[in-house]
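Next come the chains, spelled out residue by residue.
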Amino acid sequence: MNTALSIAGSDSCGGAGIQADIKTMTCNGVYAMTAVTALTAQNTTGVTGIMEVTPEFLKKQIKAVVTDIMPDAVKIGMVASSRLIEVISDSIKEFRLKNIVVDPVMIATSGAKLISDDAVETLKSQLLPQATLITPNIPEAEVLSQMKILTQEDMEKAAAIILGEFGCSVLLKGGHQINDANDYLLSKEGGKWFNGKRINNPNTHGTGCTLSSAIASNLAKGLPLQESVAKAKEYISSALGAMLNLGKGSGPMMHNFMIKN
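Presented here is an overview of the structure given in this document.

### Quick look at empty space enclosed by the protein
Phase 1: Inspection of the entire model under this criterion finds one cavity of 30 Å³ or more.
Phase 2: Taken as a whole, the largest cavity encloses approximately 40 Å³ of empty space.
Phase 3: Split into classes, the residues belonging to the lining of the largest cavity amount to seven nonpolar, one polar and one charged.

### Re unusual backbone geometry
Phase 1: Phi at Gln146 takes a positive value of approximately 60 degrees, unusual for a residue other than glycine.
Phase 2: Considering the arrangement of structural elements, one finds Gln146 in the loop between α5 (138-145) and α6 (152-166).
Phase 3: The class of Gln146 is exposed, set by a relative accessible area of 64%.
Phase 4: Unusually for a residue other than glycine, Met243 sits at a positive phi of about 55 degrees.
Phase 5: Checked against the element boundaries, Met243 lands in the segment after α8 (225-241).

### Quick notes on the sheet that holds strand β2 (residues 31-36)
Phase 1: With respect to topology, eight strands assemble into an open sheet ordered β2-β1-β5-β6-β7-β8-β9-β10, the strand pairing being mixed. Two strands close off the open sheet at either side, each with one partner strand: β2 and β10 (190-194).
Phase 2: Packed onto the sheet, α6 meets β7 (133-134), β8 (169-173), β9 (183-187) and β10 and runs at close to 150 degrees relative to β8.

### A closer look at the nonpolar core
Here is a general trend for soluble globular proteins: nonpolar side chains tend to be buried in one another's company.
Phase 1: Within the largest apolar cluster, 46 residues are counted, with the highest numbers of intra-cluster contacts made by Ile7, Leu58, Ile76, Ile88, Ile134 and Leu172.
Phase 2: For Ile134, the contacting residues outside a window of four places in its chain are Val102, Leu128, Leu144, Ile162, Cys168, Ser169, Val170 and Leu171.
Phase 3: Ala4, Val30, Leu133 and Leu211 belong to the second-largest nonpolar core, a separate cluster that totals 24 residues.

### Here's the deal with the side chain of Asp21
Phase 1: With respect to the element layout, Asp21 can be found in helix α1 (residues 17-27).
Phase 2: Residues in contact with Asp21, not counting those within four places in the same chain, are Ser6, Ala8, Lys75, Cys209 and Ser213.

### Thoughts on the side chain of Lys173
Phase 1: You can see Lys173 is positioned in strand β8.
Phase 2: In terms of polar contacts, Lys173 uses its side chain to reach the backbone carbonyl oxygen of Thr135, at 3.1 Å.
Phase 3: Beyond its immediate chain neighbours, meaning those up to four positions away, Lys173 contacts Asp103, Thr135, Pro136, Asn137, Ile138, Met155, Asn182, Asp183, Gly208 and Leu211.

### A word on the environment of Asp72
Phase 1: Take Asp72: it is sitting in the loop between α2 (55-66) and β5 (73-76).
Phase 2: Setting aside its immediate chain neighbours within four residues, Asp72 contacts Met1, Asn2, Thr3, Lys98, Asn99 and Ala220.

### Focus on the state of the cysteines
Phase 1: According to the stated counting rule, one finds zero disulfides in the structure shown.
Phase 2: Here Cys168 stays unpaired: no disulfide links it, and the sulfur of Cys209, its closest cysteine neighbor, is 18 Å away.

### Notes on the pattern of salt bridges
Phase 1: The full count for this structure, using the stated rule, is seven salt bridges.
Phase 2: Of the charged contacts in the structure, one is a salt bridge between Lys124 and Glu121, with a shortest N-O distance of 3.7 Å. With a gap of three residues between them, Lys124 and Glu121 both fall in helix α4 (residues 117-127), about one helical turn apart.
Phase 3: For Glu121, a relative accessible area of 46% gives the class partly exposed.
Phase 4: Residue Glu142 pairs with Lys148 through a salt bridge whose shortest N-O separation is 3.7 Å.

What counts as what
- Residues numbered from 1 in each chain as written.
- Predicted model: local features only at pLDDT ≥ 70, side-chain atom pairs only at ≥ 80, totals over all residues.
- Heavy atoms only, no water.
- 1 Å grid on protein atoms, 1.4 Å probe; cavity = no way out; pocket = protein on both sides within 12 Å on 5 of 7 lines; lining within 4 Å.
- Points joined across faces, edges and corners; volume = space filled by probe spheres on them.
- Nonpolar A, V, L, I, M, F, W, Y, C, P; charged D, E, K, R; others polar.
- Helix = DSSP H or I, 4+ residues; strand = E, 2+ residues; numbered from the N terminus.
- Buried < 20%, exposed > 50% of the residue type's maximum accessible area, 1.4 Å probe, protein only.
- Pairing = 2+ DSSP bridges.
- Contact = heavy atoms within 4.5 Å.
- Axes fitted to C-alpha atoms, helices over the stretch in contact; angles between N-to-C directions.
- Core = buried A, V, L, I, M, F, W, Y, C linked by side-chain atoms within 4.5 Å.
- Polar contact = N/O pair within 3.5 Å; in protein donor to acceptor, adjacent residues only side chain to side chain.
- Disulfide = S-S within 2.5 Å.
- Salt bridge = Lys/Arg side-chain N within 4 Å of Asp/Glu carboxyl O.

Right, here's the structure in full:
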C-alpha cells in the first residue's frame, strides 16, 4: 500500500491539520502517518491555545516513522518556528524524502500573520527549495513573490517569480479574492489553469490542509503532478458539496463523503 506522511499541527476539532490530513489520505487510498509539530486547543470558532513540540521531539517522530515505513510522499503544513523548519529540512535531506508538498501557511484568512518573519525566511531559504510543490493562497503568494496580486495575469507572474526563485512547482490558489476558485499550476513543464466553481458552503475550515494532503496522496500513488492536482480538486469539491454542517463557526467539510451510513 502506498504511504504518506503529514508533518503538521493537531486540530482538536478535527477539521484541519493532522486530523484532516489523516482523513484525506485515508479517503484517497493511501496509508497515513504523522509527525505532530504542535498541539492546538481549537474549534470552529477559533484557536484558544497552541503548544509547540520541541525540535528534538519532532526529529524523533520523523525518524521513527521513516526508518520503519518510508513514505511515498510528505505533506508539510503549518510550522511556526525556524528551528522546527530546520528539523524538517534536515530530515528531508538525511532520509532522502520525496514528493514533498508544502502548504506554506503564513497568513490567516483574516489577514493576521501566523508565523514570525525569521521563520518565513527559514521557510524560504531551507524548505521551499526542497519542495516538489507548494500550495500558497493569494496572500501567501504575495509574500513569496513580493508583488501585489489582483488579477489572473498577476497570479501567473507571481507563480513564475516563485518557481524561478525556489525551483519548486507552484499551485497558486485563487479562491481568496481573484475568481471562482480557479487555481494556477506552474511547473518546469509549463502552466495550467484548473477552473473550479465556487460552492456556496460557509463551512470551509481546513480546505488548504485537505487540498495539499489530497495532492500528496495522489503523488504517493505515482500519479503525475497535473493529474494529482486535478483529482485533488475533484475530491475537495465533493467534500465541500456534501454540505456538512457542524459547529457554531466555520465548520469542517465532509472528508468521508463517499462512505454511506
